[in-house]
Amino acid sequence: MCGIVGIQGSDEVVSNIFDSLLIIQHRGQDAAGIVTCSDRFNIKKGEGLVRDAFQQESFNYLKGNIGIGHVRYPTLGGMGIENAQPFISTAPYGIAFAFNGNIINFESLKEKLEKDSRRIIISTSDAELLLNLLSAELEKQSDFSPDLLFDATKELFKIVKGSYSVVALIKDKGILAFRDPYGIKPLIFGKKENDFCVVSESVVLDTLGYEIERDVLPGEAIFFSTDGKLYTRKISEERHCPCIFEYVYFARPDSIIDGISVYEARLNLGKNLVKEIKKKGIDIDMVVPVPDTSRPVAISLAEELNVKYREGLMKNRYIGRTFIMPHQSKREELIRIKLSPVKEIMKGKKVLLVDDSIVRGTTSKKIVQLIREADAKEVHFASSSPPLKYPCYYGIDMQTKGEFIACKRSVENVRDMIGVDSLTYQTIEGLIEAVSNDKVKKFCTACFTGEYPIKANEDEVQRIETGRGCKG
Ligand code: SF4
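Structural notes, computed from the coordinates. (Residues numbered from 1 in each chain as written. Predicted model: local features only at pLDDT ≥ 70, side-chain atom pairs only at ≥ 80, totals over all residues. Heavy atoms only, no water.)

## Quick word on the site of the ligand
Taken together, the residues surrounding the ligand are I184, C243, I244, F245, C392, Y394, I396, C444, A446 and C447. Per-class residue counts for the shell around the ligand are 10 nonpolar, no polar and no charged. (Near = heavy atom within 4 Å. Nonpolar A, V, L, I, M, F, W, Y, C, P; charged D, E, K, R; others polar.)

## A word on the packing of helix α9 (residues 262–280) against helix α15 (residues 428–435)
The N-to-C vectors of α9 and α15 enclose an angle of 145°; their axes lie 8 Å apart at closest approach. Note that α9 runs across α15; the crossing there is right-handed. Seen from α9, the contacting residues are A265, N268, L269 and N272; seen from α15, they are G430, L431, E433, A434 and V435. (Axes fitted to C-alpha atoms, helices over the stretch in contact; angles between N-to-C directions. Helix = DSSP H or I, 4+ residues; strand = E, 2+ residues; numbered from the N terminus. Left-handed = near helix turned anticlockwise from the far one by under 90°. Contact = heavy atoms within 4.5 Å.)

## Examining the sheet that holds strand β12 (residues 220–225)
Pairing in this open sheet of 6 strands is antiparallel, and the strands run β5-β6-β7-β8-β12-β13 from one edge to the other. Each edge of the open sheet carries a strand with a single partner, namely β5 (87–89) and β13 (230–234). Along the sheet, successive strands turn relative to each other by an average axial angle of 20°, direction set aside. One ladder, built from 5 bridges, connects β12 with β13; its direction is antiparallel. In the strand pairing of β13, A221 is matched with R233. (Pairing = 2+ DSSP bridges.)

## A few points about the sheet that holds strand β9 (residues 188–192)
Spatial ordering of the open sheet is given by β3-β2-β4-β1-β10-β9-β11, a layout of 7 strands whose pairing is antiparallel. Two strands in the sheet have a free side with no partner beyond their single neighbour: β3 (41–47) and β11 (211–215). Ignoring which end each strand starts from, the neighbouring axes of this sheet average 15° apart. Bridging between β9 and strand β10 (residues 195–199) involves 5 bridges; their strand directions are antiparallel. Residue pairing in the sheet places K191 in a bridge with F196 of β10.

## Remarks on the side chain of N105
Mapped onto the secondary structure, N105 falls in the loop between β6 (95–103) and α4 (106–116). There is a polar contact of 2.9 Å between the side chain of N105 and the backbone oxygen of I159. If we ignore the near neighbours within four places in the chain, the residues touching N105 are I159, V160, K161 and E460. (Polar contact = N/O pair within 3.5 Å; in protein donor to acceptor, adjacent residues only side chain to side chain.)

## Some remarks on the pattern of salt bridges
If you walk through the whole model with that rule in mind, you get 24 salt bridges. Between R27 and E201 there is a salt bridge, and its shortest N-O distance comes to 2.8 Å. Residue R27 is located in the loop between α1 (14–23) and β2 (31–37), and its partner E201 is located in the loop between β10 and α7 (202–207); the two are separated by 174 residues in the primary sequence. Residue R27 is classed as buried on the basis of its relative accessible area of 0%. (Salt bridge = Lys/Arg side-chain N within 4 Å of Asp/Glu carboxyl O. Buried < 20%, exposed > 50% of the residue type's maximum accessible area, 1.4 Å probe, protein only.)

## Observations concerning the pairing of β6
β6 sits mainly inside the fold: 9 of its 9 residues count as buried. Side chains I95, F97, F99, G101 and I103 project from β6 onto one buried face, and the interleaved A96, A98, N100 and N102 project onto a second face that is buried too. As paired strands, β5 and β6 are joined by 3 bridges and run antiparallel to one another. Its bridge partner being in β6, F87 is matched across the sheet by F97. Once β5 ends, the chain turns through 5 residues before running back antiparallel as β6. Sheet topology places β6 next to strand β7 (residues 162–170); 9 bridges connect them, and they run antiparallel. The residue of β7 that forms the bridge with N100 is S165.

## Here's the deal with the environment of D151
Among the secondary structure elements, D151 is positioned in helix α6 (residues 146–159). Residue classification places D151 among the partly exposed positions, given a relative accessible area of 31%. Counting along the chain gives 65 residues from D151 to V216, while the straight-line C-alpha distance between them is 17 Å. Every residue in contact with D151, bar those within four places of it in the chain, is listed here: Q141 and R233.

## Description of α1
Here α1 has its buried residues at V14, I17, F18, S20, L21 and I23. Looking at the buried residues of α1, the elements they touch are β1 (3–8), β2, α2 (50–53), α3 (56–61), β4 (66–72) and α7.

## Concerning the packing of aromatic side chains
Where two aromatic rings form a pair, the distance of their centres and the angle of their planes describe that pair. Here the structure, examined in full by the defined rule, presents 18 aromatic pairs. Between F18 and F54, the ring centres sit 6.0 Å apart and the planes meet at 85°, which makes this aromatic pair edge-to-face. Here the residue F18 occupies a position in helix α1, and F54 occupies one in the loop between α2 and α3, the gap between them amounting to 36 residues. On the basis of an interplanar angle of 70° and a centroid distance of 6.3 Å, the ring pair of Y394 and Y452 is categorised as edge-to-face. One end of the pair, Y394, is in the loop between β21 (378–383) and α14 (411–418); the other, Y452, is in the loop between α16 (446–449) and α17 (458–466), with 58 residues separating them in the sequence. As far as the burial class goes, Y394 and Y452 line up, both buried. Clustering of aromatic rings is evident, with ring pairs tying together Y93, F144, F223 and Y231. Between K45 and the ring centre of F87, over which it is positioned, the NZ or CZ distance is 4.8 Å. (Phe/Tyr/Trp six-rings, centres within 6.5 Å; stacked < 30°, edge-to-face > 60°. Lys NZ or Arg CZ within 6 Å of the ring centre and 35° of its normal.)

No statement about biological role is implied by the geometric values presented.
What follows is the structure, encoded as structure tokens:
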């Protein structure tokens, strides 16, 4: 998971790009980068949070009324400033390129590209490979036009296997954006008079005052030219299958993805979870969310159960998301600093703790310990999503089956391991029903069901599981 943005404006764009990256900081905290274009490319990348990656001088340096930005999600093997995006290519056009996703057939594409062209890939980043594949296609053409650009993009779609949402700044031409045929990663665009913005999440458009036009469709490429014209082409047949985990965990609740409000989806998750809790006949005094993602789930859950909703865990807002911290030991160490129990309200009470998911179980176990130390009478646990059992091939750092506590373990085993009195999971039907709307009813649910919309062969699975390469 990463965040991307591309902006073309009538004025300097750096502060809007910087603000966009701050707004989508939750999509990646490992590195950030901005490329703008004046009479040349101006590039600044840095490790860490957006606020740390750029200094005051960066704003003076990043001149131009067109630019793109990226926040990177950390993955094993993909870290280091050499893998930070955007990437740049100089021929046949100056192109700055930022990407969110994961290329499953990275190795075979890299081998073929290096054999067939004079290009070599120097990082382990999927973004650098995709950029060079696009540039190699554009090199075969004798002229530039939006149509020819879409033709080149179409060639990419034919050979690239995986998930990819992309923004690319083409010097003196405009901004290209495209989304893979399954539309696994989000991408949406909007306009403000003659200004244009394409970005991972709609909350950026709302916050910066852009009028939302629409989501980039699965398999669609759009091009916003420097003279302010928008071109679009549906390159590939729609096989829409967006990542359902965006709604459960990744996306901000104030975003709308493919016409579905993330906040409302989370309220629905709470309603559906109640059905499972009622089946078990669990008696509780209060519902406590693990902040922040599970808050709306816990609110609707408490409403439906007609019990108190209490903020029993206080979050230190200056510590980032632990799930996307690169090392397990770091994640565990941070829990106690990040969350502290409000002992007075939980003492002697039967508490239902609500979290978005249980990945390795170590974080959940630590949180349960915190509630027990607050002298709760009973601690029950409800997960907004079903048991996570299968690795994600599409850019989320859940690469090996061995990482999942629920893999090959019964619900009772998991309950005992995290130390709760009862454990209730969302059903897969409840999850899909909570998120679906009239238009989108099919989602990628592979990490819960093992049904992968885009398959990977053995070598590709090995690359994903060993974490070589840099997802975007
Ligand atoms: S496998 Fe899970 S996390 Fe990965 S894209 Fe599919 S639903 Fe999302």
